[in-house]
Amino acid sequence: VLVQDAQSNKAPIQAYADKISGIFVPFVVSCSLLTFVIWIGVLYSGIAENTTSTWPYHKSMNDFTFSLLFAISVLVIACPCALGLAVPTAVMVGTGVG
């Protein structure tokens, strides 16, 4: 009975983490898409033609792939932030604090 109650009820800290991640995840995805759009615009317009020619990976990629690399980098860097939200929440729920 105790296990069923624990599994059926949501801890207060879990509800708070869900609220934060409900804002955080769309924000990070939006930042990633914005990064892609800005870089694709900069590279296709030719604004950064003189500077990008010296970048090591730009010669082997087209502009779309190069912009996608920046967008994926934003998502990869944001992943530890998501873990930073999830791990303390799981520990607090597991120990019965939250």
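Worth saying up front: this structure is predicted, and the values here are computed from it rather than measured.

Enquirer: What is the right way to read the overall build of the protein from this model?
Expert: Within the protein, the secondary structure is distributed over four helices and zero strands. Reading the protein from its N end, one meets helices and strands in the order α-α-α-α. Counting over 98 residues, the protein shows a buried share of 17%. Long-range contacts, defined as pairs at least 24 residues apart, comprise 66% of the intrachain contacts of the protein with a sequence gap of at least 6. On the protein, roughly 7,100 Å² of surface is accessible, and the fraction owed to carbon and sulfur atoms is 72%.

Enquirer: Looking at this model, I keep getting lost on the packing of aromatic side chains. Mind explaining?
Expert: When we look at a pair of aromatic rings, we describe it by the centre distance and by the angle of the planes. Following the criterion strictly, the structure yields three aromatic pairs and no others. Here Trp39 and Phe70 contribute two aromatic rings whose centre-to-centre distance is 4.3 Å and whose plane-to-plane angle is 5°, an arrangement assigned as stacked. With Trp39 in helix α2 (residues 12-45) and Phe70 in helix α4 (residues 63-95), the pair connects residues that are 31 residues apart, well separated along the chain. Here Phe70 falls in the partly exposed class, since its relative accessible area comes to 26%. The rings of Trp39, Phe66 and Phe70 are connected pair by pair, giving a single aromatic cluster.

Enquirer: I keep staring at the side chain of Ser67 and nothing clicks. Help me out?
Expert: Tracing the sequence through the fold places Ser67 in helix α4. According to the relative accessible area criterion, Ser67 is buried, its value standing at 0%. Within the structure, Ser67 has its side chain in polar contact with the backbone oxygen of Asp63 (distance 2.9 Å). When neighbours within four sequence positions are excluded, Ser67 is seen to be in contact with Phe36, Trp39, Ile40 and Leu43.

Definitions and limits used
- Residues numbered from 1 in each chain as written.
- Predicted model: local features only at pLDDT ≥ 70, side-chain atom pairs only at ≥ 80, totals over all residues.
- Heavy atoms only, no water.
- Helix = DSSP H or I, 4+ residues; strand = E, 2+ residues; numbered from the N terminus.
- Buried < 20%, exposed > 50% of the residue type's maximum accessible area, 1.4 Å probe, protein only.
- Contact = heavy atoms within 4.5 Å.
- Areas by Shrake-Rupley, 256 points an atom, 1.4 Å probe, with all protein chains shown as cover.
- Phe/Tyr/Trp six-rings, centres within 6.5 Å; stacked < 30°, edge-to-face > 60°.
- Polar contact = N/O pair within 3.5 Å; in protein donor to acceptor, adjacent residues only side chain to side chain.

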